[in-house]
Amino acid sequence: MHENFIPLLVDPSHHQVNFSRMDESDDALFYSKERLVSHLDSLALETIVDLIENLVVEDNPTILDLMASWDSHIPVRLRSCRITGLGMNETELKKNEVLSDYVVHDLNRDCRLPFPDGHFDVVLNTVSVDYLKNPVEVFREVGRILKPGGLFLVIFSNRMFPEKAVKIWRESSEEERILLLEEIFQETGAFDSTGLFISKGRPRPSDDKYANLGTPSDPVYAIYAEKPGKAASRKSRPPIRLLKEGAMNKDTLETKKEQIHKTLRCPHCDEKMKKWAVPENPFEATWENEFLYICFNDNCPYYVRGWDHVYKTTSRMASYRFMYNQDKDICSPIPVPSPKALRESIID
Ligand SMILES: C[S@@+](CC[C@H](N)C(=O)[O-])C[C@H]1O[C@@H](n2cnc3c(N)ncnc32)[C@H](O)[C@@H]1O
């Protein structure tokens, strides 16, 4: 959890408004029509399969696909495991080839999950959390039905059925949705700390029907956590912060770097860099400049990937931000021990 994050989003006094929807009619009505479609482009779907492959380290896990439809995005290795689906449309669930069994159950009518305590090794929830009116209760139930050390993996993107998505989700930015989910996880008291995965800004597959619009591939965000109590013998999951960098082709990155003196935009995420006053340091004259430019975007792939890199190479919790020295026209990393570090010297 971010140490400076003020938990406002699931404030109980605002719950009714925050979790209201444009269409408050019975969910059974909306989902009575089967939708045998793909909700994301093929690259985003592949990313989800890879993510599940990497995070599910158990050999023969029992899996629940919570809010399931006809595709559970299960990698080949796990396709013969016992997989249960819970969703709203029976035709979709029947068409899902990996499910061993399924149940039609409306979580907005009854948050209780119809499964015994400690039953599953893994619970997946893909591009569906936006529709939950009582996510804390549902997440708490997931904690109950997971085995100790079990994984709850919540994946989201930026598409939705807006009429059925809750207001707070619709009105939040993608970054705020990460914070909201982190807070929901924390609020349950049922999980260890959360991990984060982001894949965004990658080129849309050329055969995609929207390829000619010039929009990138659908982003994939995942927040995940374990129920406390992992058995010492079980393999650990990979490091908390993973990131598939927007697979920007190298020429594009180089072109962006060449243009940086004009654009003052980070070549890794395209955000405007902040003008940063070099602090006076009488003991160590590191830079001669008065100002530098630094990318302070907490979702910049360069910075997010940096946590993993620094940890792997030095065992320290730190990252680096992208920095541009305008006087010398040089780009370099600047180390940061925390997301807040260096921000006090931003001047615009
Ligand atoms: C956008 S689809 C995603 C389906 C699937 N998880 C996937 O990855 O393709 C949203 C799913 O949420 C499920 N859902 C929506 N409201 C629900 C509710 N109140 N209770 C249980 N499931 C619900 C629907 O059955 C629907 O399949």
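The rules we used
- Residues numbered from 1 in each chain as written.
- Predicted model: local features only at pLDDT ≥ 70, side-chain atom pairs only at ≥ 80, totals over all residues.
- Helix = DSSP H or I, 4+ residues; strand = E, 2+ residues; numbered from the N terminus.
- Buried ≥ 20, exposed ≤ 12 C-beta atoms within 10 Å, placed from the backbone.
- Pairing = 2+ DSSP bridges.
- Right-handed = clockwise from strand over helix to strand, strands pointing away.
- Contact = placed C-beta atoms within 7 Å.
- Axes fitted to C-alpha atoms, helices over the stretch in contact; angles between N-to-C directions.
- Expected span 1.5 Å × (residues − 1).
- Arc of directions from axis to C-beta.
- Core = buried A, V, L, I, M, F, W, Y, C linked by C-beta atoms within 7 Å.
- Domains from an automatic or database assignment.

*Asks:* Sorry, what's going on with the environment of L180 here?
*Replies:* Structurally, L180 is set in helix α7 (residues 174-188). You can call L180 buried: it has 21 C-beta atoms within 10 Å.

*Asks:* Even after reading the chapter, I still don't get the pairing of strand β3 (residues 101-104), so can you show me in this structure?
*Replies:* Sheet faces and side chains relate simply in a regular strand, where the side chains alternate between the two faces. The sheet contact formed by strand β2 (residues 83-87) and β3 spans 4 bridges and is parallel. Opposite G87, over in β3, you have V104 as the bridge partner. Handedness of the crossover joining β2 and β3 through helix α4 (residues 90-95): right-handed.

*Asks:* For this particular structure, what's the right way to read the environment of L113?
*Replies:* Its location among the elements puts L113 in the loop between β3 and β4 (120-126). Judged by C-beta crowding, with 21 C-beta atoms within 10 Å, L113 ranks as buried. Ignoring any residue separated from it by four or fewer positions in sequence, one finds L113 in contact with E141 and I145.

*Asks:* Would you take a moment to explain the sheet that holds strand β10 (residues 291-294) for this structure?
*Replies:* Paired through backbone hydrogen bonds, the strands of a sheet run either parallel or antiparallel to each other. Read from one edge to the other, the open sheet built from 4 strands follows the order β9-β10-β11-β12, with strand pairing classed as antiparallel. With one partner strand each, in any of the chains shown, β9 (274-277) and β12 (330-336) form the two edges of the open sheet. This sheet shows a mean twist of 40° between the axes of neighbouring strands, independent of strand direction. The pairing of β9 with β10 spans 4 bridges and is classified as antiparallel. Residue pairing across strands places W276 opposite L292, the latter belonging to β10.

*Asks:* Just to check I follow, could you spell out helix α3 (residues 42-55) for this structure?
*Replies:* An α-helical segment advances 3.6 residues per turn. Residues three or four places apart therefore align on the same side. Counted at 1.5 Å a residue, the expected span for α3 with its 14 residues is 20 Å, and the 20 Å between its end C-alpha atoms agrees. Looking only at α3, the buried set comprises A44, T47, I48, L51 and I52. Seen from one end, α3 has its buried residues packed into an arc of 135°, which puts them on one side.

*Asks:* Help me understand the nonpolar core, please; the structure alone is not making it clear to me.
*Replies:* Buried together is how nonpolar side chains tend to be arranged in soluble globular proteins. Of all hydrophobic cores here, the largest spans 74 residues; its most connected members are V123, F152, L153, V154 and A222. The greatest single-element share of this core, amounting to 7 residues, is contributed by strand β5 (residues 146-156). In this structure, this core is formed jointly by two domains, domain 1 (12-244) and domain 2 (250-345), each of which donates at least three residues. Dropping the residues within four chain positions of it, A222 is found in contact with L51, L153, V154, I155 and F197.

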